[in-house]
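# Overview (structure and organization)
Listed here are the chains, written in short residue letters.
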Amino acid sequence: LEAFMANKRKISDRKYSKPKLRFHFGILILIFVLSFSACFALYMFSANMDDNFFEKQENKGKSTVEKSQNISEDESAAGSESSEESSSTTGVSNPVPENDAKDEAYLKECVLVADSTLFSTASNGRIKTVIGNDVLNASNVNTEKIKSSNGTITAFEILKVKQPSDIYVMLGSDLGTSSVDSMISSVSTFVGNVIGSLPDASIYLMQLPPIYTDSETLTNDMINSYNSKLLALANSCGVYCIDTNTILKSNAGSLDENYYSEKSGVINSAAYDVLCDYILTHTAE
C-alpha cells in the first residue's frame, strides 16, 4: 500500500509541476537579425519603387539642418534684442548727447565735486555748490576730509547731507602720479556709495579736459585713455558721462590756448564758462 501511495504522489507531482523558463541569448540575436532584415527589405523596396527616393531623403536632411540653423539664428536675434532692450531701459546714453538748454537756474541747484583741475576756477563761478579742495583727487575721494558748513567730512558725507538731485564729478588731478586702475576703482567706489544713498539723484562723470603741453608725467594721450575708462565706468554703473574734453581741444588735440591759464597751469575762467554752457545743453532730462 505504501509503495502504491508513493508512486501515486510522484505521478501527481509530474502532472502539476510547471516547467521552468530558460533565457536563450541566441534567440535574442535571431530576433534582432530578423528585425533588421525586415527593415532593410522595406527600405530597399521603397527605393526601387520611387526613382527620387534618395534625393528626397537628402533634401529632408538638409531641411532639418536648415530648420535647426534658423531656430538658432532666431534665438540669437532674440537674445540681442533682449540685450538692447535691457540697455535702453536704463535710460543712459553716453556720452550724453546735446539737447535743449536748461535754464541758468539749473547750475544753482546742482552740485559739483571737483579736484584742483576745476575747483579753484569753479569755486566762485556759476555753479553755486562746489565740493572739493586742492588736495582732493580720484584716488583719495573716499577718504579726504573737506571743510564744509556741516563740518570737516568726506565729499560723500556732504552729499548725503545736501541730498542734491543732480551731481557732477570731475576727478583726476592725480593722473600721472597715481595708478589709473586705482583711480578708476576709487571713483567707482565713490559712485557706488552715492547711488546707494541717493538712488534718485542723476550722477554725471565729467571727462578730464586736455592739457596745454605734454610733460614727462602727463600727456594728452594719457588723459584720453583715462577718459575712455571713465566712460566705461559710467556705462557699467548706469550713470551719465559728459564729454568735457573735446570742446576745449585745439586742432592739435591739446588744450586750446584761449582756455589756458599760465598762472594756474590749468583751465581758465573762459574754459569754465564753456563747460557750464556744455552742462546746460547736455543733461539727461
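Read on for an overview of the structure. (Residues numbered from 1 in each chain as written. Predicted model: local features only at pLDDT ≥ 70, side-chain atom pairs only at ≥ 80, totals over all residues. Heavy atoms only, no water.)

## With respect to helix α6 (residues 155-162)
- Among all positions of α6, only A155, F156, I158 and L159 are buried. Each buried residue of α6 sits inside an arc of 160 degrees when the element is viewed along its axis, so together they form one side.
- Residues of α6 that are buried make contact with β1 (111-114), β2 (129-131), β3 (146-148), β4 (151-153), β5 (166-170) and α7 (180-197).
- Q163 lies just past α6 and shows a positive phi near 55 degrees. (Buried < 20%, exposed > 50% of the residue type's maximum accessible area, 1.4 Å probe, protein only. Helix = DSSP H or I, 4+ residues; strand = E, 2+ residues; numbered from the N terminus. Arc of directions from axis to C-beta. Contact = heavy atoms within 4.5 Å.)

## Considerations on the state of the cysteines
- Going through the model one piece at a time under the given rule, you end up with zero disulfides.
- Cysteine C110 remains unbridged, with the sulfur of C276 as its closest cysteine sulfur at 8.2 Å.
- Its relative accessible area of 1% is what places C110 among the buried residues. (Disulfide = S-S within 2.5 Å.)

## Quick word on the pattern of salt bridges
- In this structure the tally under the stated criterion is four salt bridges.
- With a shortest N-O distance of 2.9 Å, R126 and E104 are connected by a salt bridge. Highlighted residues: R126 in the loop between α5 (119-122) and β2 and E104 in the loop between α3 (53-89) and α4 (105-109), separated in sequence by 22 residues.
- Where K229 meets D181, a salt bridge forms, and the shortest distance between an N and an O atom there is 3.7 Å. Here K229 is found in helix α8 (residues 220-237), whereas its partner D181 is found in helix α7, with 48 residues between them in sequence.
- Judged by relative accessible area, K229 falls into the partly exposed class, the value being 36%.
- Overall, D181 belongs to the exposed group, its relative accessible area being 54%.
- Three or more residues are tied together by salt bridges with common partners; here these are E104, R126, D273 and D277. (Salt bridge = Lys/Arg side-chain N within 4 Å of Asp/Glu carboxyl O.)

## A look at the environment of I211
- With respect to the element layout, I211 can be found in the loop between β6 (202-206) and α8.
- Once the C-alpha coordinates of I211 and Y259 are considered, the two residues, 48 residues apart in sequence, prove to be 9.8 Å apart.

## Here we look at α8
- In this model α8 runs 25 Å from its N-terminal to its C-terminal C-alpha over 18 residues, within 8% of the 26 Å that 1.5 Å per residue would give.
- Within α8 the residues assigned to the buried category are N220, I223, Y226, N227, L230, L233 and A234. Viewed along the axis of α8, the buried residues span an arc of 125 degrees, placing them on a single side of the element. More than 90 degrees from the buried face of α8, the exposed residues found are D221 and S236.
- Buried residues along α8 sit in contact with α7, β6 and β7 (240-242). (Expected span 1.5 Å × (residues − 1).)

In short, shape yes, function no, at least from these values alone.
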